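Given next are the chains, with one letter for each unit.
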Amino acid sequence: MARTIRTSLRRLLTTGAAVTVLLTAAPTAGAAPAAPRETHALRPLADLSAQRLATADLVAAAKWGTGSPVDDPVREQQVLEAVARQAAELGTDPRRTARIFRDQIEANKTVQRALHRRWTADPAQAPTRRPDLGEVRKEINRVNDALVRAIAASGAARTSPRCLRSLVHDTADVRHERSLDALHTVALARSVRSVCGADEPRPAS
């Protein structure tokens, strides 16, 4: 069943040529019989993930030619700690939220690395203007805040047996509306792969 679902994901989220890495680590909670979607509760989460992913192009351009590495462990840890605190304040699972954001960060870096490889191979495609990384991070922080709220608001949908199927459809819709290319499609799938599944039990007080 899990293999069938992964095959369906590939078909739904592929643009043109075959994209093979699609939600490969999705939880087994989605292994449920086919059923019509009742809501689009995961749509805001998928769209915000795409918005956050769009900043990867700007971050890549800001770092291009500066020698700054794609990986920024200090910044990444700050983001994970901040979203975990916000999740706790909103009454949702901080560990699940941080896990989702770890995927968001890795997806963002996937795009950055791919763009840097592309620009190295063909300098004519490289950006001619360098965005202000500080301003880009303000936009990332705005999306992070909205994304944590979307995670908190979608608890029932994220823990539903139909979560994975709904997530695939909502993510595919977002991909189509934003006309994402193969690189960004794969990265979007990577960014949401921990969305479905039960939240971890909270420690007894």
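Definitions and cut-offs
- Within each chain, residues carry numbers counting from 1 in the order of the written sequence.
- Where totals are concerned, whole chains, interfaces and linings use all residues; where local detail is concerned, this predicted model gives features only for residues with pLDDT of at least 70, and gives and counts side-chain atom pairs only at 80 or more.
- No hydrogens and no water enter the side-chain calculation; it runs on all heavy atoms of the structure.
- Elements are defined by DSSP. Helices are runs of H or I of four residues or more, strands are runs of E of two residues or more, and each kind is numbered from the N terminus.
- Using a 1.4 Å probe on the protein chains alone, a residue whose accessible area is under 20% of its type maximum counts as buried, one over 50% counts as exposed, and one in between counts as partly exposed.
- The criterion used for residue contact is that any of the two residues' heavy atoms lie within 4.5 Å.
- Exposure was quantified through the Shrake-Rupley algorithm and a 1.4 Å probe, taking into account, for residues, occlusion by the shown protein chains and nothing else.
- Defined by distance alone, a disulfide is two cysteine sulfur atoms within 2.5 Å.
- Note on aromatic contacts: the rings of Phe and Tyr and the six-membered ring of Trp form a pair at centre separations within 6.5 Å, being stacked when their planes are under 30 degrees apart, edge-to-face when over 60 apart, and tilted otherwise.
- When charges are counted, neither His nor the chain ends are considered; positive counts come from Lys and Arg and negative counts from Asp and Glu.
- Salt bridge, as used here: a side-chain nitrogen of Lys or Arg that lies within 4 Å of a carboxyl oxygen of Asp or Glu.
- Confidence of the predictor at the level of single residues is given by pLDDT, which spans 0 to 100.
- By this rule, a helix spans an expected 1.5 Å times one less than how many residues it contains.
- What qualifies as a polar contact is a pair of N or O atoms within 3.5 Å, subject to a donor-acceptor requirement within protein and to the restriction that residues adjacent in sequence count only when both atoms come from side chains.

Looking at the overall build of the protein chain
Helices and strands together make up the secondary structure of the protein chain, namely 8 helices and 0 strands. Per-residue burial for the protein chain yields a buried fraction of 43% across its 205 residues. Intrachain contacts of the protein chain at a sequence separation of at least 6 include 88% that bridge at least 24 residues. With an accessible surface of roughly 10500 Å², the protein chain has 53% of that area assigned to carbon and sulfur atoms.

What to know about the state of the cysteines
Scanning the model with the defined rule gives 1 disulfide in all. Linked covalently through their sulfurs, Cys-163 and Cys-196 form a disulfide whose S-S length is 2.0 Å. Sign of the S-S torsion, about -80 degrees for the bond between Cys-163 and Cys-196, identifies this disulfide as left-handed. A residue pair is termed long-range when its members are at least 10 positions apart, and Cys-163 in helix H7 (residues 163-177) and Cys-196 in the segment after helix H8 (182-191) qualify at 33 residues. Considered together, Cys-163 and Cys-196 belong to a single accessibility category, that of buried residues.

A few points about the environment of Arg-175
Along the chain, the position of Arg-175 falls in helix H7. Taking the C-alpha atoms as reference, Arg-175 lies 7.9 Å from Ala-50; in sequence the two are 125 residues apart.

Things to note about the packing of aromatic side chains
Enumeration according to the criterion identifies 1 aromatic pair in this entry. Aromatic side chains Trp-64 and Trp-119 sit 5.5 Å apart centroid to centroid with 80 degrees between the ring planes, which places their arrangement in the edge-to-face category. Of this pair, Trp-64 sits in the loop between helix H2 (43-63) and helix H3 (73-90) while Trp-119 sits in helix H4 (residues 94-121), and the two are 55 residues apart along the sequence.

Describing the side chain of Arg-52
Residue position: Arg-52 is located in helix H2. Glu-76 provides the closest opposite charge to the buried, unpaired Arg-52, separated from it by 9.0 Å. Not counting residues within four places of it along the chain, the set of residues in contact with Arg-52 comprises Val-79, Phe-101, Gln-104, Ile-105, Asn-108, Ile-140, Val-143, Asn-144 and Leu-147.

Some remarks on the confidence of the model for the protein chain
For the protein chain, the mean per-residue pLDDT works out to 85, and 78% of the residues sit at or above 70. Predicted confidence is poor over residues 4-9, with pLDDT under 50, and the contacts of this stretch with residues over four places away or in other chains come to 8 contacts. This stretch, residues 11-37, has a pLDDT under 50; its non-local contacts, to residues over four places away or in other chains, come to 61 contacts.

Observations regarding unusual backbone geometry
Despite not being glycine, Ser-179 shows a phi value in the positive range, around 50 degrees. As for its position among the elements, Ser-179 is in the loop between H7 and H8.

A short note on H2
With 21 residues, H2 should reach 30 Å at 1.5 Å per residue; the first-to-last C-alpha distance of 31 Å fits that figure. Downstream of H2 by one or two residues, Gly-65 has phi in the positive range, about 80 degrees.

Things to note about the pattern of salt bridges
The final tally for this structure, using the stated rule, is 15 salt bridges. Measuring nitrogen to oxygen at the nearest pair gives 2.7 Å for the salt bridge that ties Asp-71 to Lys-109. One end of the pair, Asp-71, is in the loop between H2 and H3; the other, Lys-109, is in helix H4, and 38 residues separate them in sequence. Residue class for Lys-109 comes out buried when judged on its relative accessible area of 4%.

Structural notes on H8
It helps to recall that an α-helix has 3.6 residues per turn; residues three or four apart then point in one direction. The buried fraction of H8 is high, at 7 of 10 residues. Those residues of H8 that sit buried are Leu-183, His-184, Thr-185, Ala-187, Leu-188, Ala-189 and Ser-191.

Quick word on the side chain of Ser-191
Relative to the assigned elements, Ser-191 resides in helix H8. There is a polar contact of 2.7 Å between the side chain of Ser-191 and the backbone oxygen of Leu-188. Excluding residues within four positions of it along the chain, Ser-191 makes contact with Ser-49, Ile-100, Asp-103, Gln-104 and Ala-107.

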